[in-house]
Amino acid sequence: MSEKKDMDLTLKIWRQKDAQDKGQMVNYPVKSISPDSSFLEMLDVLNEDLVNKGDEPVAFDHDCREGICGMCSLYINGEAHGPDRKVTTCQLHMRKFKDGDTITIEPWRANAFPVLKDLVVDRSSFDRIQQAGGFISVNTSGNTQDANAIPISKIDADNAMDAATCIGCGACVATCKNASAMLFVSAKVAQFSLLPQGKVERKERVLNMVHQMDLEGFGNCTNTGACEVECPKGISLENIAIMNTEYLKASISKKA
Amino acid sequence: MSILDSKVPEGPIKDKWTKHKNDINLVNPANKRHIDIIVVGTGLAGGSAAASLAEMGYNVKAFAYQDSPRRAHSIAAQGGINAAKNYQNDGDSNYRLFYDTVKGGDYRSREANVYRLAEVSGNIIDQCVAQGVPFAREYGGLLDNRSFGGVLVSRTFYAKGQTGQQLLLGAYSAMNRQIGKGKITMYNRHEMLDLVKIDGKARGIIARDLVTGKIEKHSAHAVVIASGGYGNVFFLSTNAMGSNATAAWKIHKKGAFFANPCYTQIHPTCIPRSGDHQSKLTLMSESLRNDGRIWVPKHMKDVEAIRAGKLKPTEIEEENRDYYLERRYPAFGNLVPRDVASRAAKERCDAGYGVNATGEAVYLDFKSAINRYGNEKAHVLGIHNPSDAKIIELGEGVIEAKYGNLFQMYEKIVDQNPYKTPMMIYPAVHYTMGGIWVDYNLMTTVPGCYAIGEANFSDHGANRLGASALMQGLADGYFVLPYTIGDYLSNEIRTGEIPTDSKEFNDAEKEVSDRLEKLVNIKGTKSVDYFHKKLGLIMWNNAGMARNATELKEAIDKIKAIREEFWKDVRVSGSTNSFNPELVKAGRVADFLELGELFARDALDRNESCGGHFREESVELDGEQKGEAKRDDVNYKYVAAWEFTGEPSEAILHKEELEFNDIELKQRSYK
Ligand SMILES: Cc1cc2nc3c(=O)[nH]c(=O)nc-3n(C[C@H](O)[C@H](O)[C@H](O)COP(=O)(O)OP(=O)(O)OC[C@H]3O[C@@H](n4cnc5c(N)ncnc54)[C@H](O)[C@@H]3O)c2cc1C
Ligand code: SF4
Ligand code: FES
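Residues numbered from 1 in each chain as written. Chains lettered and ligands numbered in written order. Predicted model: local features only at pLDDT ≥ 70, side-chain atom pairs only at ≥ 80, totals over all residues. Heavy atoms only, no water.

## Description of the site of ligand 1
Residue and element names in this part refer to chain B.
Then, in step 1: Looking at ligand 1, there are 38 residues lining it, with Gln66, Ser74, Gly79, Met192 and Glu454 nearest.
Then, in step 2: The separation between a nitrogen atom of ligand 1 and a polar main-chain atom of Met192 is 2.8 Å.
Then, in step 3: Counting residues per element, the shell around ligand 1 draws most heavily on strand β6 (residues 190-198), at 3 residues.
Then, in step 4: Its residues assigned to classes, the shell around ligand 1 shows 17 nonpolar, 18 polar and 3 charged. (Near = heavy atom within 4 Å. Polar contact = N/O pair within 3.5 Å; in protein donor to acceptor, adjacent residues only side chain to side chain. Helix = DSSP H or I, 4+ residues; strand = E, 2+ residues; numbered from the N terminus. Nonpolar A, V, L, I, M, F, W, Y, C, P; charged D, E, K, R; others polar.)

Here's what the structure looks like:
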């Protein structure tokens, strides 16, 4: 446990009543925050205070609080998921801050992620990209072949797993100056292109997913690499390279 | 004869499921297009069911309170999923998985259901691999396995420490395919707030759009509840913040019996509570018990020195440590089932040997494993006479490859390096074996209403074995419900679309709206969390790891009193027709305040110890098993299914007698 003393902080938080509201930053002092509490537990304390005063608590998305569901977001002091590396906001702990700090908290900002209320945004565009092709077309009958019928090299399986750990949080988009979703989309494309099961539909998959990504209004990738830095799961830029190759191959063979 | 008909088919246990599938009625593909099914919940159970039903041709409407099906609580499962594949050639079989599950559940589950679960377990792995789930593999390219508690074989498949995530993303992708085809309509950020019954049958639900606050009526020919477990009745648990009992509780109030509500799993290896700011607890996967050894100091003077910060655990010599699981249970050691491991930790901590400031923590130590793996690795690499530092370095590398993400999670939360000093752990509420009573077809006592996954009571008896919840959720959703639901729906092919302008729908809608208005208009003085925490504390103290009649009676009275206070004095800010997380929480806590009371009543009625339910009045007094839980098969070999009558604790008890034809009833022994 941390030896540090409890902290008093000033929070500057984006408040927005609903999607139509213009929104504004509002200051809130919070007192006696334990350095062992998580960032979201700190917001719980603030909200409990607000409720007790008869004010409306700050809305923010969260659920598992273990860094895996991808529900939490927050742009903290200008960084997606805050100052720590390879963690989500729910895993960020207050020991990363100092007594007296002012902390700015904003929602993800991107055209494809409209704000619903306060710090909550709508990420359904991500779902629609997955619906366009993020699957292997196999029926759930159970009458597939035995799981060990096709050996898969450990390296391919491990690489596919690394790509598959994307939690769909959207930090990559929020961080990118172009609001590009390339890291997110490429993680799924790469996972399936590394596995024999995914090879059959690889062409349609990449074309359809990229098409949907463009329709949703995500920006272009200009290789700044900010997404990789802020990604809580360490999804690698190599996935984007894989996707670009897949896309190129698919486009050429489509024309041919 | 009870009104509970389990509908278990006749015949030898091995043939029941095959025979049943051949006997039940089917719906012809052309007719499926005219049948609507509502699935509440898109975790492993609901997601797999929604995808499978849509593939078969039904029109599916799926609901989840999160912003995407991919975020259901199943995503958080770490350790793995069981299947009787016998890939390790260590003698595994369907029978052995069946036997382990029934025994692990302390002989309080229905044999036929458990056998079916074991039977379809292999298909799950085949299915998931076909979907592109990247399970861990060996260098030869074949699937790898690990061991979990309560068994002597290696049958657990895993994807790093993120098995639930990968399985859920598999089910999510299967759903996406059907959403893309228009066969599933997905309602994200929606909460089911009531079941609508017409002529006794489930005909739809009332749901609230959590973004706009709008109350909606949705009709269907069958309603499937896959809303997960109710561990959050304890406030602090390893469940996601939003995990709730609302959907299950609403159908209970509409006639679905609630079975064995007191069966709760308290998981032995969680990160201990550190202070009052805490909103939830974090699990450290059971897989860690493959390599971690659990201990507390042997001598009180060492405990005191540790608590005073004058001694480090690493400074305590081997002979002064009490590896109490290895001492008490030599056959299973650190891999005893969860209920046994949790009680043993509590026993040591109650005796004063807890190693942190609150006195509620024991050590989980990887030192031996690091040494063992380090030596092995040095051998493989051909390093002769490796230094201690080299061994540790190599050993830590092996441990990192196996459990890296868990160790990182621990370090982020506790701010200590678990490679260098033992982890501190303590039991926490994790899973609920109890749930909505269902028959062999997974139908509740309300015709047309089904319950699957953690929401039902079915397969785990009084204690669930590790890695079996994922198996059950996917078995229910992919392979059981899609068949059994046809039997009921075959009578619905002429019904046609069900209108939502009937009196029943309108009444239910009004009831839901009135309740929400009531909540925001109490305008009391205390927050929702205040009540939730108060309830949680009573549940933990009076109905937690050890229970007795006096304290359970007290719990019932206290919970009633809190509920009364809640409805007089809760303060819910905001309005009903907007995005209002406080209101959502208030509705859920109101339901927990009712469920908690039934929970205590059930625990009071069951005056025996079994699995996770430990009654202080019922322990072995002598012999080899002295001090262990004592089951009472003469009086309690039944499923307790409760019928709602108005006051939660005045529910009527219906008993489903359990029959054991294929497994001999025995005292569980892990000695
Ligand atoms: C930290 C942790 C680790 C675990 N690890 C393992 C493991 O390694 N192996 C294993 O076998 N088991 C494990 N378990 C248990 C297992 O994860 C769960 O039992 C299982 O995933 C439950 O799946 P489910 O589909 O029944 O419900 P859930 O995944 O909980 O899904 C519930 C769904 O219902 C929806 N919902 C709930 N209420 C409503 C409502 N009122 N209206 C609309 N929608 C609603 C939610 O949005 C969600 O989609 C673990 C559990 C925890 C907490
Ligand atoms: S790629 Fe990383 S940052 Fe982007 S959605 Fe996935 S996990 Fe989040
Ligand atoms: S709340 Fe689930 S990842 Fe943060």
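## Thoughts on the packing of aromatic side chains
Residues and elements named next belong to chain B.
Then, in step 1: For the structure on display, the rule yields 34 aromatic pairs over all chains.
Then, in step 2: Plain terms: the ring middles of Tyr107 and Phe660 are 6.2 Å apart, the flat faces sit at 70° to each other, and that makes the pair edge-to-face. Of the two residues, Tyr107 sits in the loop between α4 (94-104) and α5 (111-130) while Phe660 sits in the segment after β19 (652-657), which places them 553 residues apart along the sequence.
Then, in step 3: Ring centres 4.8 Å apart and planes at 45° place the aromatic pair Trp295 and Tyr363 in the tilted group. (Phe/Tyr/Trp six-rings, centres within 6.5 Å; stacked < 30°, edge-to-face > 60°.)

## Here we look at the environment of Asn456 of chain B
Residues and elements named next belong to chain B.
Then, in step 1: Relative to the helices and strands, Asn456 resides in the loop between β17 (449-451) and α13 (469-489).
Then, in step 2: Owing to a relative accessible area of 2%, Asn456 belongs among the buried residues under this scheme.
Then, in step 3: The sequence separation of Asn456 and Thr432 amounts to 24 residues, and the corresponding C-alpha distance is 9.3 Å.
Then, in step 4: Residues contacting Asn456, with those up to four places away along its chain left out, are Met433, Gly434, Gly435, Ile436, Val438, Leu442, Ala451, Gln472 and Asp476.
Then, in step 5: Only 3.2 Å separates the side chain of Asn456 from the side chain of Gln472, close enough to count as a polar contact. (Buried < 20%, exposed > 50% of the residue type's maximum accessible area, 1.4 Å probe, protein only. Contact = heavy atoms within 4.5 Å.)

## As for the site of ligand 2
Residue and element names in this part refer to chain A.
Then, in step 1: As a structural note, the neighbourhood of ligand 2 is formed by 13 residues, with Cys166, Cys169, Gly170, Cys172 and Cys231 the closest of them.
Then, in step 2: Put simply, the parts of the chain that give the shell around ligand 2 at least two residues each are α4 (171-175) and α5 (182-194).
Then, in step 3: Counted by class, the shell around ligand 2 contains 11 nonpolar, 2 polar and no charged residues.

## Describing the sheet that holds β17 of chain B
Residues and elements named next belong to chain B.
Then, in step 1: Pairing is parallel across the open sheet formed by 5 strands, whose spatial order is β5-β2-β1-β9-β17. Two strands in the sheet have a free side with no partner beyond their single neighbour: β5 (184-187) and β17. Averaged over all pairs of adjacent strands, the angle between their axes in this sheet comes to 20°, without regard to strand direction.
Then, in step 2: Bridge analysis of strand β9 (residues 222-225) against β17 gives 3 bridges, and the strand direction is parallel. Bridged to Val224 within β17 is Tyr450. (Pairing = 2+ DSSP bridges. Axes fitted to C-alpha atoms, helices over the stretch in contact; angles between N-to-C directions.)

## Focus on the nonpolar core
Then, in step 1: One finds Ile81, Phe135 and Ile485 of chain B to be the most contacted residues of the largest nonpolar core, which totals 248 residues.
Then, in step 2: Of all the elements, helix α17 (residues 581-605) of chain B adds the most residues to this core, at 12 residues.
Then, in step 3: Filtering out sequence-adjacent residues up to four positions away, Phe135 of chain B remains in contact with Ala157 of chain A together with Ile81, Ile125, Cys128, Val129, Leu143, Phe157, Tyr158, Ala159, Thr163 and Leu167 of chain B.
Then, in step 4: Ranked by size, the runner-up nonpolar core spans 26 residues in total, among them Met7, Val30, Leu43 and Cys72 of chain A. (Core = buried A, V, L, I, M, F, W, Y, C linked by side-chain atoms within 4.5 Å.)

## Structural notes on the packing of helix α3 (residues 44-56) of chain B against helix α6 (residues 163-180) of chain B
The relative placement of two packed helices is expressed as an angle between their axes plus a distance between the axes.
Residues and elements named next belong to chain B.
Then, in step 1: For the pair α3 and α6, the least separation of the axes is 8 Å and the interaxial angle reads 30°. Judged on the interaxial angle alone, α6 and α3 are roughly parallel. Where α3 crosses over α6, the handedness of that crossing is left-handed. Residues Leu44, Gly47, Ser48, Ala50, Ala51, Ala54 and Glu55 of α3 form the contact with α6, whose participating residues are Leu167, Leu168, Ala171, Ala174, Met175, Arg177 and Gln178.
Then, in step 2: Its residues assigned to classes, the contact of α3 with α6 comprises 9 nonpolar, 3 polar and 2 charged. (Parallel < 35°, antiparallel > 145°, perpendicular 65-115°, else oblique. Left-handed = near helix turned anticlockwise from the far one by under 90°.)

## Let's talk about the side chain of Thr165 of chain A
Then, in step 1: In this fold, Thr165 of chain A is placed in the loop between α3 (154-164) and α4.
Then, in step 2: By relative accessible area, Thr165 of chain A is classed as buried at 6%.
Then, in step 3: Apart from the residues lying within four places of it in its own chain, the contact partners of Thr165 of chain A are Lys233 and Ile235 of chain A together with Gln162, Gln165 and Gln166 of chain B.

Treat this as a map of the structure, not an account of what it does.
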